[in-house]
Amino acid sequence: MNPPLNALPNPDLLASPVVELRQYTLKPGRRETLIGIFDNHLIEGQETAGMTIIGQFRDLDRPDMFVWLRGFDGMEARKNALTAFYDGPVWAAWRDAANATMISSDDVLLLKPAWPGANLDLSGSERLPQADLEKPSASSDLQAIVVIRIHHLQPGLEARFANDFQTAALPVLAAFGASPLAAFVTEHAENSFPRLPVRASENVFISITGFDSTEAHARHEAALAAFPRWQELEQAAQWEFARPVEVLRLAPTARSLLGQPTPA
């Protein structure tokens, strides 16, 4: 698993000050086809163009959802990297096959670190070599998972919520067995690549947490539910929410950087 957020990583090794969280709704039964295309043909082309493919995932609760994260060195770098890739030969070769699996690809949040050092530490992460079209693991219950919580906030409250999360919630999560990996808020800068829409009106705080298995996550949630201090924190934050929190339980694909065991 990637280094936790409270491990004080080297700032020079933190990934991507601008991040996209992308959720794709796919045609029924087409997720494995898209994962095969993505993992085998689209990662290196995007990274050559100047972006970081942080992680790609099966949503454990929505069988026709593909979720992924990619990062950029800034908004101008994002424009340049996306232009290079989407006008380049790799996307031209695989665009039709990839798009044929999708119903919608417009659920995109543009994000920035919630505080200095809150972005992902990918140091030590290694991507597996390209492989044949992968199949779901028979032992997926034992696979490490990544949990993304999307907190939809009232306008203007991202900084306040981030501060409260860092000082009050983060120590509790770590004490109850979570590995907090990153925290982001909405990047409100103008979309530098309007060919790809983003949900520009959103005001979100996003936490990314790692667990060794779905069972470990379930135990963690049960322990939090029984801890009075956590219930107090959740109750105190209710007025800040514009709508209920979204919880994404995600299983990394074989070539995801995020969510894989860190090599010894």
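Residues numbered from 1 in each chain as written. Predicted model: local features only at pLDDT ≥ 70, side-chain atom pairs only at ≥ 80, totals over all residues. Heavy atoms only, no water.

Draft legend 1. A look at the pairing of strand E4 (residues 102-113). Summarising the sheet, strand E1 (residues 18-26) and E4 pair through seven bridges and their orientation is antiparallel. Residue pairing in the sheet places Gln23 in a bridge with Asp107 of E4. Note that E4 and strand E6 (residues 179-186) share three bridges and pair antiparallel. Across the sheet, the residue bridging to Pro113 is Phe184, located in E6. (Pairing = 2+ DSSP bridges. Helix = DSSP H or I, 4+ residues; strand = E, 2+ residues; numbered from the N terminus.)

Draft legend 2. Up close: helix H6 (residues 228-237). All of the buried residues in H6 are Trp230, Leu233 and Ala237. For H6, the angular spread of the buried residues around the axis is 60°, confining them to a single face. Opposite the packed face of H6, turned more than 90 degrees from it, sit the exposed residues Pro228 and Gln235. Among the structural elements, helix H4 (158-175), helix H5 (214-225) and strand E8 (241-252) are those in contact with the buried residues of H6. (Buried < 20%, exposed > 50% of the residue type's maximum accessible area, 1.4 Å probe, protein only. Arc of directions from axis to C-beta. Contact = heavy atoms within 4.5 Å.)

Draft legend 3. How the structure looks around the pairing of strand E7 (residues 204-211). Judged by how many residues are buried, E7 sits mostly within the fold: eight of eight residues are covered. Alternating residues of E7 divide into Val204, Ile206, Ile208 and Gly210 and Phe205, Ser207, Thr209 and Phe211, and every residue in both groups is buried. Relative to E7, strand E5 (residues 145-153) runs antiparallel, the two sharing eight bridges. Bridging from a neighbouring strand, Arg149 pairs with Ser207 of E7. Two strands pair when backbone bridges link them, and E6 and E7 are joined in this way by six bridges, in the antiparallel orientation. Across the sheet, the residue bridging to Ala183 is Ser207, located in E7.

Draft legend 4. Here's a closer look at the nonpolar core. The biggest cluster of nonpolar side chains holds 27 residues, and the ones touching the most others in it are Tyr24, Leu34, Phe38, Met51, Phe66, Leu82 and Tyr86. Those elements that provide at least two residues to this core are E1, helix H1 (31-49), strand E3 (65-72), helix H2 (75-86), helix H3 (89-99) and E4. It is H1 that provides the largest number of residues to this core, a total of six residues. Discounting chain neighbours no more than four positions away, the residues touching Phe66 are Arg22, Gln23, Tyr24, Leu26, Arg31, Leu34, Ile35, Phe38, Gln56 and Phe57. (Core = buried A, V, L, I, M, F, W, Y, C linked by side-chain atoms within 4.5 Å.)

Draft legend 5. Quick look at the pattern of salt bridges. Within this structure, the stated rule accounts for 15 salt bridges. A salt bridge links Glu20 to Arg70, with the shortest nitrogen-to-oxygen separation between them at 2.6 Å. A residue pair is termed long-range when its members are at least 10 positions apart, and Glu20 in strand E1 and Arg70 in strand E3 qualify at 50 residues. Judged by its relative accessible area of 0%, Glu20 falls in the buried class. When its relative accessible area of 0% is taken as the criterion, Arg70 is described as buried. A salt bridge links Glu20 to Arg78; the shortest N-O distance between them is 2.9 Å. Here Glu20 is found in strand E1, whereas its partner Arg78 is found in helix H2, with 58 residues between them in sequence. Each member of the salt-bridge network shares a partner with another, and the members are Glu20, Arg22, Arg70 and Arg78. (Salt bridge = Lys/Arg side-chain N within 4 Å of Asp/Glu carboxyl O.)

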